[in-house]
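Secondary and tertiary structure notes
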Protein chains: 2
Amino acid sequence: MVFGNMGDDCATGVAFSRNPGNGDNKFYGEYLVNAQGEDVVAGTRTPAPINAASQSEHNKDLVTLENGMPKLYKQLVAIKNRLEKHYRDMQDIEFTIENNRLFMLQCRVGKRNGPAAIQMAVDMVKEKLITPEIAVTRVTPAQLDELLHPIIDPKTEKDHAVLCKGLPAGPGGACGQIVFTAADAVNWVKNGKKVILVREETNPEDVEGMRAAEAILTARGGMTSHAALVARGWGKCCIVGCSAIHVALTSKEIRIGDTVLKEGDWLTLNGTKGNVYVGQLPMMDAGEENRVLMDFLAICDKCRTMGIRTNADTPEDAAKAKSFGAEGIGLFRTEHMFYGKGSDEPLFYLRKMIMSKTTDERKKALAELAPYVKKAIKGTLEAMDGMPVVIRLLDPPLHEFVPQDEGKRKELAKALDLNMNDLVKRFESLHEVNPMMGHRGVRLGVTFPEITEMQVRAIYESAAELTKNGKKPYPEIMIPVTCDVNELKDQYAIVKRVYKEVLAKYNLKKLKTLTGTMIEIPRATLLADQFAEVAEFFSFGTNDLTQMTFGFSRDDTGGFLGKYVEKGVLEGDPFQSIDVNGVGELIHVGIERGRHINPDLEIGICGEHGGDPASVEFCFKVGMDYVSCSPFRVPIARLAAAQAAVQYGCTCKGKCNTKAKGKKK
Amino acid sequence: MVFGNMGDDCATGVAFSRNPGNGDNKFYGEYLVNAQGEDVVAGTRTPAPINAASQSEHNKDLVTLENGMPKLYKQLVAIKNRLEKHYRDMQDIEFTIENNRLFMLQCRVGKRNGPAAIQMAVDMVKEKLITPEIAVTRVTPAQLDELLHPIIDPKTEKDHAVLCKGLPAGPGGACGQIVFTAADAVNWVKNGKKVILVREETNPEDVEGMRAAEAILTARGGMTSHAALVARGWGKCCIVGCSAIHVALTSKEIRIGDTVLKEGDWLTLNGTKGNVYVGQLPMMDAGEENRVLMDFLAICDKCRTMGIRTNADTPEDAAKAKSFGAEGIGLFRTEHMFYGKGSDEPLFYLRKMIMSKTTDERKKALAELAPYVKKAIKGTLEAMDGMPVVIRLLDPPLHEFVPQDEGKRKELAKALDLNMNDLVKRFESLHEVNPMMGHRGVRLGVTFPEITEMQVRAIYESAAELTKNGKKPYPEIMIPVTCDVNELKDQYAIVKRVYKEVLAKYNLKKLKTLTGTMIEIPRATLLADQFAEVAEFFSFGTNDLTQMTFGFSRDDTGGFLGKYVEKGVLEGDPFQSIDVNGVGELIHVGIERGRHINPDLEIGICGEHGGDPASVEFCFKVGMDYVSCSPFRVPIARLAAAQAAVQYGCTCKGKCNTKAKGKKK
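Parameters and conventions
- Residues numbered from 1 in each chain as written.
- Chains lettered and ligands numbered in written order.
- Predicted model: local features only at pLDDT ≥ 70, side-chain atom pairs only at ≥ 80, totals over all residues.
- Heavy atoms only, no water.
- Helix = DSSP H or I, 4+ residues; strand = E, 2+ residues; numbered from the N terminus.
- Rg over C-alpha atoms; globule rule 2.2 N^0.38 Å.
- Contact = heavy atoms within 4.5 Å.
- Areas by Shrake-Rupley, 256 points an atom, 1.4 Å probe, with all protein chains shown as cover.
- Lys, Arg positive; Asp, Glu negative; His and termini not counted.
- Charge placed at Lys NZ, Arg CZ, Asp CG, Glu CD.
- Axes fitted to C-alpha atoms, helices over the stretch in contact; angles between N-to-C directions.
- Parallel < 35°, antiparallel > 145°, perpendicular 65-115°, else oblique.
- Left-handed = near helix turned anticlockwise from the far one by under 90°.
- Nonpolar A, V, L, I, M, F, W, Y, C, P; charged D, E, K, R; others polar.
- Buried area = accessible area lost by both parts, 1.4 Å probe.
- Salt bridge = Lys/Arg side-chain N within 4 Å of Asp/Glu carboxyl O.
- Polar contact = N/O pair within 3.5 Å; in protein donor to acceptor, adjacent residues only side chain to side chain.
- Domains from an automatic or database assignment.
- Pairing = 2+ DSSP bridges.
- pLDDT = per-residue confidence, 0-100.
- Buried < 20%, exposed > 50% of the residue type's maximum accessible area, 1.4 Å probe, protein only.

**Regarding the overall build of chain A**
- For chain A, the count of helices and strands is 26 helices and 26 strands.
- Over its C-alpha trace chain A gives a radius of gyration of 29 Å, about what one expects of a compact globule, namely 26 Å for 665 residues.
- Each principal axis of the C-alpha atoms in chain A carries an extent, and together these give about 100 × 65 × 50 Å.
- Sequence-distant contacts in chain A: of pairs separated by 6 or more residues, those separated by 24 or more amount to 66%.
- For chain A, the accessible area works out to roughly 27,700 Å², and carbon and sulfur atoms hold 50% of it.
- With 86 positive and 87 negative side-chain charges, chain A shows a separation of 5 Å between the mean positions of the two kinds.

Written out as structure tokens, the structure is:
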């Protein structure tokens, strides 16, 4: 036993070999003269900084160890250096000085926050203290996530009462004024205001308002509700299922217990924790343009063997994702152009197409729609020049596009020279009991081949025109919701014919392109060998695959999934992290059977899971070529893929069965 | 070459060693003097009967072969007997007489309709001409189906005047509106009408119209005419050679004596007797009281190794199914009591339960509902005394029971002392986007354990009270929609506790009962090994399993499934016959993994497929213990199971992996 409290030539202290708060490679610590360890922890006396680098507002007037006991400080620095070199990591050191003699009590790997973890990893690689492989294991995906979103200033947040709690659906902090409709959100933001869109729940018609808002707050819905999915895709702060809130749309106010808040009142959200606060809390930036972050992700890329793509539906999203390091688009949803800004005209022609009574009418409407489809596709192919872009053919059931509002209906009826009765009748005939399992995806393509043809032509013509302009477009045509290889064959006949026609039209010999399918129906995984005879790539749509494997409708899990997780019936929400035992087995079977027929089959994932670290690890283990996720999750996926490669790719001693392995190394 | 048309000592004929129309063991045939074979088939001359047994209204005045050429007839009979003994089956014989000398042209196994096939099979077993194993292969499920087809209600038929008579070429009754061309038949049926195709005679070009029609009526032709042959093949109601009818194609009318009937007028046909009636006569189901059918099914049961249960929801259905030969109930849907007759009171309490805001309120409503549940269960257990009854716990989502009509809503609001606003809000909150994959089945049981408890108590108390009364109730409690074994464990805790409580209450040592689960979610098949650690039986719910494996909502396939089958994208409707490659693999995996853990696991099927012969064969091959189907399909299932056992059970030489095999033999 040594004592630090035997006089003024005694002391005790705690130090970190580098700054655990920001990662600076500067010795950092505190000490107390004539004290024992518990005195430091107790906080009854203010400890002094061990050196200038450790000084703060609070302790800048106190004598540093460096100045007060210079010899001992030097000794401590030497030991610190030795320890760090030995352990190759930042050390948390406890020491005691008894009568001018330095004793080391213990050392261990020091805890650190996200920014510090990344800074240290990058520095230590530069210092050649650790290899890149070790560096990528030093940062958790959650720590990386901290750097990607602005947050509420933690000091202020600590002092504020939480108004209510919901599910943390989109990370980071945000503050803004309450609005209740998507239209208001758009208008207020146009007028230079910051808003938080508060809804009972959101639907596709709210998308523009959601995009305009700083954050979204809903009273209902789970982690996979519309609001949560959209917000996560954008990396936007979002809290859902905040059931304490009662939204009164007519009076434009919300009640939370006794508190009543009106339109225009300020709210602050902590989307990482799910906390809602009244008023404006100060925000701080977590460092988007962070040089160190870029360096760290470059280290990840050195270790990574699996590709990272992104889910993006516009040229703007594509460009942003590229800046985050995406190496292609894994999911371009053609239907995006029918939602939100600039969708009025294409949506009108789509609705005209839906209303068509004959194939000829439908073809005419499709011809009017085609230029819009081509424009969106061409722009995205151009933005991703040289990189693959997986373009999914029209997926949602047609009734999703039926106008709900009377005005739009009247306008449509007039334009189509139809009476409202006939219009409404046609709309009603599209109604489905379980739309998720209804007339959608390839089922539309098989029943209305002209829809497929229009889309395929738009894709190939875009690629042909870009090629003529010296670009390197690389479209991959993806056919969704397939359950039988004959669906693929049916659609391939169209794809092949249009391909030839476009080549002839543009006088080209060939285009770089693949045609494949989304594997999202359980049956498709089982018959993957048949699919692989035709498809050039598979992309696992794990959202729908999870829905059907569990029999869970994502929109309807609100009533029980929370209870399931609470009771431990399920370990977690299978829409967040891939259910390895069930859904995972189907994916595994699908890959095995697919690659058995075609070992070069390109295989990826385009569900939300592509941005979840545990799921990325799973994707690596089953041998996928790439994962695709929302632009804001790309850095997380790069890290997770690197960690998986380091953990499983390097220890396989040649036994590793993954195709991805060794691809880049 | 021999000639039957060289004078009056020549003839040609077609005969069957037994009557192909009803199976009577009587030589049956037609011949024409001074004619060649094609004259018989053409139907231009009315052939004469070969003997008295072959006489009909139509030809009773013509000289029989037996009378006209007695020596040759005797010779023919001797040959016929020899042929049948040799081939051990009914023979279709063609002969020609040239100048008083008999020549046999050919013989082959004769086509027959369903009733005839069954009669012959039963007779030949009795005659020891064939074994029971061979007998069951002599009747196709479609032929058996003929006997199960509706007939005209005999009481009504008795009171109706026969308009005219023809030859009974296809059994059963049918009614429909008169059409005169095959094309009209097809078109009218497309428009939802039921038609009877009336023709002078038919030819191969009429086949599609004949298929579409409920029945076929011709003015000319014998039992071997085109119409008769085709209709017999399909087991379709058909009357031929109804010479009283004069068909006027141009005016689209028929005259029978003074009666004139036009296109669109209603006719009713008794194809078993050859009677034609004007108007619509009521139909009823046949077969139930048929002695030969019972004998044949008894032969099937001798060969069969797999059990046959039925899906029945009331004591009445249970009793009916028992009379058809069901050996238990494979699916008793507790929710039946909330639909149809007598459902007002239980439905009211169920709705009260749904509206409950607290667990206490819910428990109170459940207590009021319990006596109704118990009554239905007890009645069914009693009706099936000694046989297993699989009782499925509440399956549909609660919103299915929400009253749609204003009056019922007001009544409920009043009874619950609620305002309409709150009531409607609660109802709306139950709405689901994809109810098939929503808050239903075990998900209700996990979130509202008191619902499970009430049902389980009703089951065990029913069993206990019946046991006390000397009965042998055998309830099997089935938990539906499970996707994870933890759901089962959660519910089992309730089941076990209530079991002990009921035993104590009734002072009983034990009850004969099993608790198991419905396997209808793809994930459950994959994790069947885990399920088998807990469940005492599996019952495959192939309806939902097919829905989720294909991603097809049965309610919403209208838009594309027809097109799929038409284009050959799918071979057939997977809801009619099990999709062996996809759904079948999941079932196979589920059984294999389940039995790997518990070799004695009782395994059955309770989806619609249980009554489909091809699916029954599949169920046999994968080793199920029983199939369960609707009461009217029980005979079909008995035959199909017997055929599967004969075809696959007997040729396995011990390699057959099916548990069912040898169980009964």
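Now that the structure has been shown, we can carry on.
**Details of the packing of helix α11 (residues 291-303) of chain A against helix α26 (residues 634-649) of chain A**
Residue and element names in this part refer to chain A.
- Orientation of α11 relative to α26, taken along the N-to-C sense of each, is 40°, at an axis distance of 8 Å. Comparing the axis directions of α11 and α26 gives the class oblique. Of the two elements, α11 crosses α26, and the hand of that crossing is left-handed. Seen from α11, the contacting residues are F296, L297, A298, C300, D301 and C303; seen from α26, they are P635, R638, L639, A642, A645 and V646.
- Residue composition of the contact of α11 with α26, grouped by class: 10 nonpolar, no polar and two charged.

**Let's talk about the interface of chain A and chain B**
- Each partner contributes to the interface: chain A provides 46 residues, whereas chain B provides 47 residues.
- Between chain A and chain B, roughly 4,100 Å² of surface is buried when both sides are summed, and carbon and sulfur atoms account for 57% of that area.
- For chain A, the biggest contributors to the area lost against chain B are N434(A), M437(A) and R523(A); these three give 15% of the whole.
- At the junction of chain A with chain B, the criterion picks out six salt bridges.
- A salt bridge links R593(B) to E585(A); the shortest N-O distance between them is 2.6 Å.
- Counting across the chain A and chain B interface gives 28 residue pairs in polar contact (both at pLDDT 80 or more).
- Among the residues forming the side of chain A that touches chain B, the class breakdown is 20 nonpolar, 13 polar and 13 charged.

**Things to note about the domain arrangement of chain A**
- Examined at the domain level, chain A breaks down into domain 1 (11-112), domain 2 (151-284) and domain 3 (291-334 + 363-399 + 440-647).
- If you average the C-alpha positions of domain 1 of chain A and of domain 2 of chain A, the two centres end up 43 Å apart.

**Some details on the sheet that holds strand β16 (residues 266-270) of chain B**
- The mixed open sheet is built from eight strands, whose spatial order is β7-β17-β16-β9-β10-β11-β12-β8 (chain B). With partners counted over all chains shown, the strands left at the sheet margins are β7 (164-165) and β8 (167-170) of chain B, one partner each.

**Some thoughts on the confidence of the model for chain A**
All names here are of chain A.
- Confidence in the prediction for chain A averages 91 pLDDT; 96% of positions are at 70 or higher.
- Low pLDDT, under 50, characterises residues 650-665; the stretch is placed with 25 contacts to residues that sit more than four places away or in other chains.
- Two numbers describe this predicted complex: its pTM, 0.83, and its ipTM, 0.84.

**What to know about the side chain of Q491(A)**
Residue and element names in this part refer to chain A.
- Tracing the backbone shows Q491 in helix α19 (residues 485-506).
- Judged by relative accessible area, Q491 falls into the buried class, the value being 1%.
- If sequence neighbours within four positions are ignored, Q491 has contacts with V442, G445, V446, T452 and I479.

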